[in-house]
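Descriptive structure summary
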Amino acid sequence: MKARVLVADDDAGVRYTLRGLLEDDGLTVEEAVDGEAALARLEAEPPVDLVLSDLRMPRVDGMELLRRVAARPHAPRVILITAHGSERHAVEAMKLGALDYFRKPFDVDDVLAVVRRALGRVQLEAENERLSGEVNLLRSLVFVSPTMARLALLIQRVGPRDVTVLITGESGTGKERVAEALVRAAPRADKPYVRFNCAALTPELAEAELFGHARGAFTGAVRARPGLFREASGGTLLLDEVGELALPLQAKLLRVLQEGEVRPVGEDRSFPVDVRVLAATHRDLPQRVAEGRFREDLYYRLKVVTLQVPPLRSRPEDIAALAKHFLARHTERFRMPPVLLTPALLERLTAHPWPGNVRELENALESAVVLSPDGTLDLELLPGGGSSTPQAPSTGATLREKLDAHERELILAALAASKGQRTEAAKALGIGRATLHDKLRKHGLLNEDEEPAP
């Protein structure tokens, strides 16, 4: 794809000359009549790779344009066009972040040399950013797919920015691993990293755990506790399953995010906290907002940046890499001979929809490694194996209907094997209990008067 260059100059003749020169060199060129027009163009799509700006322009001059562009995240690099004798301004521009400059009247060869050198550096920086992102995420997750590579790039971009990030995705996709990658990419990487599961405690205990409590604030509070927000101060706090947070706690969380201070239960004073908040959920938060179960203002406060972790079924090219990783991990763990990823094994793995995603895949392979003879893997132990497993309809059904039917049968089989114990069934399926409850409702397997899963 051609590099895109924006030429900003109030002299139409200069713009015309530079456009022809750069287009002849194979670049896509756009024009702006001054710095204000250039800033407006940079707000639009597609993105610009390089800006060539005159130093002296009406409304917004080249130096001010440089300052504003440099303050933008993922801003294009800037080359300034200066008049003869303006070397002092050129030096100042380089200190402000200009990549290079050339003088008027300009020599064609000089202009092309500067622009080619600048674009080479821009491309190198972009490649370094991409590779850094992939290396960072690969420390937490195994992948080869382009969709995960794109996620890695976004993590590398947003990680150093001290903003709240909402991580969404189905259960078992690796949202916590994405949070770890964000922490490693941040300036706070060497500061505390605290994780809290919002679905794990009752609202009263969750409030005390998050915000702290005074001694004697409630029965059992024999000593004061600072709370997780204060423990994480200076670092990062991950609110896992934030969609399960009770409404009263949502209001208190919103106040902490807005004001940067917490008030422990039973205290009459507040304490300042400096915490970067990451939130993760498998829930559809906009739907919960519409249902009145999640505060809209908190939702928008959390989703400053949203990262969606794709389900495993949408990136089947990752299954082989994940399977090799899990097989090596668990054969080593159980001191068993290595197991090869044979074509038959890979075919079985890629044919399964993996409703529990990466977690289900790992659990299935771990179980198969333990129960199989040394050095081989019994395919009948994997999901979809064995003649007793009901098959999805083969005619007259869409792919979605077939996947839903297969998922329903897997859930019924897991419930039968666990004698109706949902916690055990969820563990066998590689999903959380709340996710299992949602799927039971989806497939009509709940009683009408049954309460939501705690």
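All figures in this text were calculated on a predicted structure; none of them were measured in a lab.

Observations regarding the sheet that holds strand E5 (residues 100–104)
With respect to topology, five strands assemble into an open sheet ordered E2-E1-E3-E4-E5, the strand pairing being parallel. Of all the strands in the sheet, just strand E2 (28–32) and E5 have a single pairing partner and so form its edges. Within this sheet the neighbouring strands show an average axis-to-axis angle of 20°, counted without direction. With five bridges connecting them, strand E1 (residues 4–8) and E2 associate as parallel partners. Paired with Val5 across the bridge in E2 is Val29.

Points about the environment of Gly234
Residue placement: Gly234 occurs in the loop between helix H9 (228–231) and strand E8 (236–240). Note: C-alpha distance between Gly234 and Val275 (41 residues apart in sequence) is 5.6 Å. If we skip the residues at most four places from it in the chain, Gly234 touches Arg188, Lys191 and Asp274.

Observations concerning the sheet that holds strand E12 (residues 305–308)
One open sheet holds the five strands; their spatial order is E7-E8-E11-E6-E12, and the pairing between them is parallel. Edge positions in the open sheet fall to strand E7 (193–197) and E12, since each of these has one partner strand only. The average undirected angle you get between the axes of adjacent strands in this sheet is 20°. Here four bridges tie strand E6 (residues 165–168) to E12, and the two strands are oriented parallel to one another. Across the sheet, the residue bridging to Leu166 is Thr306, located in E12. Packed on one face of the sheet, helix H7 (residues 175–184) meets E6, E7, E8, strand E11 (276–281) and E12 and runs near 160° to E7.

Some words on the packing of helix H13 (residues 317–333) against helix H14 (residues 343–351)
Remark: H13 packs on H14, axes separated minimally by 10 Å, with the N-to-C direction vectors making an angle of 115°. In this structure, the crossing between H13 and H14 has a hand that is right-handed. Mapping the contact onto sequence places Ile319, Ala320, Ala323 and Leu327 in H13 and Leu345, Leu346, Leu349 and Thr350 in H14. Per-class residue counts for the contact of H13 with H14 are seven nonpolar, one polar and no charged.

Structural notes on the nonpolar core
Counting 31 residues, the largest nonpolar core has Phe229, Leu237, Leu239 and Leu302 as the members making the most contacts within it. Breaking this core down by element, the ones donating at least two residues are E7, helix H8 (203–211), H9, E8, helix H10 (247–259), E11, helix H11 (285–290) and helix H12 (296–302). Setting aside residues up to four positions removed in sequence, Leu239 forms contacts with Phe196, Cys198, Leu210, Leu253, Val277, Leu278, Ala279 and Ala280. Judged by nonpolar contacts, the second largest core, of 22 residues, contains Val14, Leu22, Ile79 and Val115.

Concerning the packing of H8 against H10
The angle between the axes and the distance between the axes are what describe a pair of packed helices. With their axes 11 Å apart at the nearest point, H8 and H10 run at an angle of 15° to one another. Regarding the angle of H8 to H10, the classification is roughly parallel. Considering how the two elements wind past one another, H8 and H10 form a crossing that is left-handed. When H8 is examined against H10, the residues Pro203, Ala206, Glu207 and Phe211 are found in contact with a partner set consisting of Leu249, Lys252, Leu253 and Val256. Here the residues of the contact of H8 with H10 are counted per class, giving six nonpolar, no polar and two charged.

Cut-offs used in this document
- Counting from 1, residues in each chain are numbered in the order their sequence is written.
- Residues qualify for local features only when their pLDDT is at least 70, as the model is predicted, and side-chain atom pairs are given and counted only at 80 or more; totals for whole chains, interfaces and linings, by contrast, use all residues.
- Computation of side-chain values covers all heavy atoms of the structure but excludes hydrogens and water.
- For two strands to count as paired, DSSP must find a minimum of two bridges between them.
- By definition, any uninterrupted DSSP run of H or I lasting at least four residues is a helix, any uninterrupted run of E lasting at least two residues is a strand, and each is numbered from the N terminus.
- Axis definition: a line fitted to C-alpha atoms, limited for helices to the stretch in contact. Angles are taken between N-to-C directions and run from 0 to 180 degrees.
- Whether two residues touch is decided by their heavy atoms; if any such pair falls within 4.5 Å, the residues are in contact.
- The crossing is said to be left-handed when, going from far helix to near helix, the turn is anticlockwise and less than a right angle, and right-handed when the turn is clockwise.
- Note on residue categories: nonpolar means Ala, Val, Leu, Ile, Met, Phe, Trp, Tyr, Cys or Pro, charged means Asp, Glu, Lys or Arg, and polar means any other residue, Gly included.
- The criterion is simple. A nonpolar core is a set of buried Ala, Val, Leu, Ile, Met, Phe, Trp, Tyr and Cys residues joined through side-chain atoms within 4.5 Å.
- Relative accessibility thresholds used throughout: buried, under 20% of the residue-type maximum; exposed, over 50%; partly exposed, between the two (1.4 Å probe, protein chains only).
- Should an angle fall under 35 degrees it is taken as roughly parallel, and over 145 as roughly antiparallel, whereas 65 to 115 is taken as roughly perpendicular and any remaining angle as oblique.

These figures capture arrangement, not role.
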